[in-house]
Amino acid sequence: MITDDVWKKLQTDMVIVLAHPNGWEGAQQNQMRDAAILAKIIPNKPSARERVVFVSEGEASLHFCVKGEFID
């Protein structure tokens, strides 16, 4: 389990990657970014908002398949 101290140290540098349904664009991504702020995953600062990046489901699936790690 991650303690509050560890979370606070990581929170300032980490990049958050969120997957979303294919076809979602700016408006939906902004809602997800706002949800991350409300959940206190990132602070409401421009520098933190830039560290939230998005990948579509299709892109995420491709990366998973190319990497070749499957759960039995």
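The shown structure was predicted, so the numbers you read here are calculated from the model rather than taken from an experiment.

Undergrad: Just checking my understanding: could you explain the pattern of salt bridges for this structure?
TA: Two side chains that carry opposite charge are able to pair once their charged atoms sit near each other. Inspection of every chain in the model, using the stated rule, returns one salt bridge. Asp 34 serves as the salt-bridge partner of Arg 49, at 3.1 Å between the closest nitrogen and oxygen. You can see Arg 49 sitting in helix α3 (residues 46–49) and its partner Asp 34 sitting in helix α2 (residues 26–38), a full 15 residues away along the chain.

Undergrad: What am I meant to see in α2 here?
TA: One turn of an α-helix holds 3.6 residues; hence residues three or four places apart share an orientation. Relative to the 18 Å expected for 13 residues at 1.5 Å per residue, α2 spans 18 Å between its end C-alpha atoms, a close match to the ideal helical length. For α2, the full list of buried residues reads Gln 29, Met 32, Arg 33, Ala 36 and Ile 37. Buried residues in α2, looked at end-on, bunch into an arc of 150 degrees, giving them a common side. What points out from α2, more than 90 degrees from its buried face, is the exposed set Ala 27, Gln 31 and Leu 38. The inward-facing, buried residues of α2 abut β1 (16–20), α3 and β2 (52–56). Taken from the residues just after α2, Lys 40 is the one with a positive phi, measuring 65 degrees.

Undergrad: I would appreciate a short explanation of the environment of Ala 35 in the present structure.
TA: Residue position: Ala 35 is located in helix α2. Residues Ala 35 and Met 14 lie 21 residues apart in sequence; the distance between their C-alpha atoms is 17 Å.

Undergrad: Could you clarify how one ought to interpret the side chain of His 20 in this entry?
TA: Tracing the backbone through its elements, the reader meets His 20 in strand β1. Overall, the relative accessible area of 5% leaves His 20 in the buried class.

About the criteria used
Here the residue numbers are simple positions, counted from 1 along each chain's written sequence. Totals for whole chains, interfaces and linings use all residues, but because this is a predicted model, local features are given only for residues with pLDDT of at least 70 and pairs of side-chain atoms are given and counted only at 80 or more. Computation of side-chain values: all heavy atoms of the structure, hydrogens and water removed. Just to be clear on terms, a salt bridge is a Lys or Arg side-chain nitrogen sitting within 4 Å of an Asp or Glu carboxyl oxygen. In DSSP terms, a helix is any run of H or I states spanning at least four residues, a strand is any run of E spanning at least two, and both are numbered starting from the N terminus. For a helix, the expected span equals 1.5 Å multiplied by the residue count minus one. Exposure classes here rest on a 1.4 Å probe applied to the protein chains alone. A residue is buried below 20% of its type maximum, exposed above 50%, and partly exposed in between. This arc is taken over the directions from the axis of the helix to the C-beta atoms. Here, two residues are considered to be in contact whenever any of their heavy atoms come within 4.5 Å of each other.

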